[in-house]
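Residues per chain, in single letters:
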Amino acid sequence: MLVKLFYGLAIALLTTWVMISVPVSAQQSNCSPAYPDVCIPLAPPDLDCGDISARRFRVLQLDPHRFDGDKDGIGCEQ
Ligand SMILES: [Ca+2]
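Residues numbered from 1 in each chain as written. Predicted model: local features only at pLDDT ≥ 70, side-chain atom pairs only at ≥ 80, totals over all residues.

### Comments concerning the overall build of the protein chain
Secondary structure summary: the protein chain contains one helix and two strands in total. The order of helices and strands in the protein chain, counted from the N terminus, is α-β-β. The burial tally for the protein chain puts 12% of its 78 residues in the buried class. Taking contacts inside the protein chain between residues at least 6 apart in sequence as the whole, the part at least 24 apart equals 22%. (Helix = DSSP H or I, 4+ residues; strand = E, 2+ residues; numbered from the N terminus. Buried ≥ 20, exposed ≤ 12 C-beta atoms within 10 Å, placed from the backbone. Contact = placed C-beta atoms within 7 Å.)

In structure tokens, the structure reads:
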């Protein structure tokens with residue numbers, strides 16, 4: 001009886017913890033891995049340099065937003 005109560009409490013705590021921690025990790029994974037120095041949302045929607053404040057940041061090979069038009073690895077140089 002007491003063990004059952006303990007498990008119920010443990011599951012309730014775990015559920016609460018998951019509900020609190022999931023939005024945070026979802027927000028982190030929402031940053032596109034193509035731009036490791038800045039947090040730019042995943043495409044779509046396709047963003048332009050005018051839509052973000054970051055300038056001269058590293059761009060990895062896959063460039064879903066096409067911030068690096070001249071392909072030198074630096075995005076939004078101007
Ligand atoms: Ca460039």
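### Some thoughts on unusual backbone geometry
P44 follows A43 through a cis peptide bond whose omega is -10°. When you line up the elements, P44 lands in the loop between helix 1 (2-29) and strand 1 (57-58). One non-glycine residue, R66, lies in positive phi territory at about 55°. Relative to the helices and strands, R66 resides in the loop between strand 1 and strand 2 (74-75).

### So, the nonpolar core
With five residues, the main nonpolar core is built from Y35, I40, V59, F67 and C76. Ignoring any residue separated from it by four or fewer positions in sequence, one finds Y35 in contact with I40, F57, R58, V59 and G75. (Core = buried A, V, L, I, M, F, W, Y, C linked by C-beta atoms within 7 Å.)

### Description of the environment of Q61
Here Q61 shows up in the loop between strand 1 and strand 2. Classification of Q61 as exposed rests on a count of 8 C-beta atoms within 10 Å. The spacing of Q61 and K71 is 10 residues in sequence and 8.4 Å in space, taken between C-alpha atoms.

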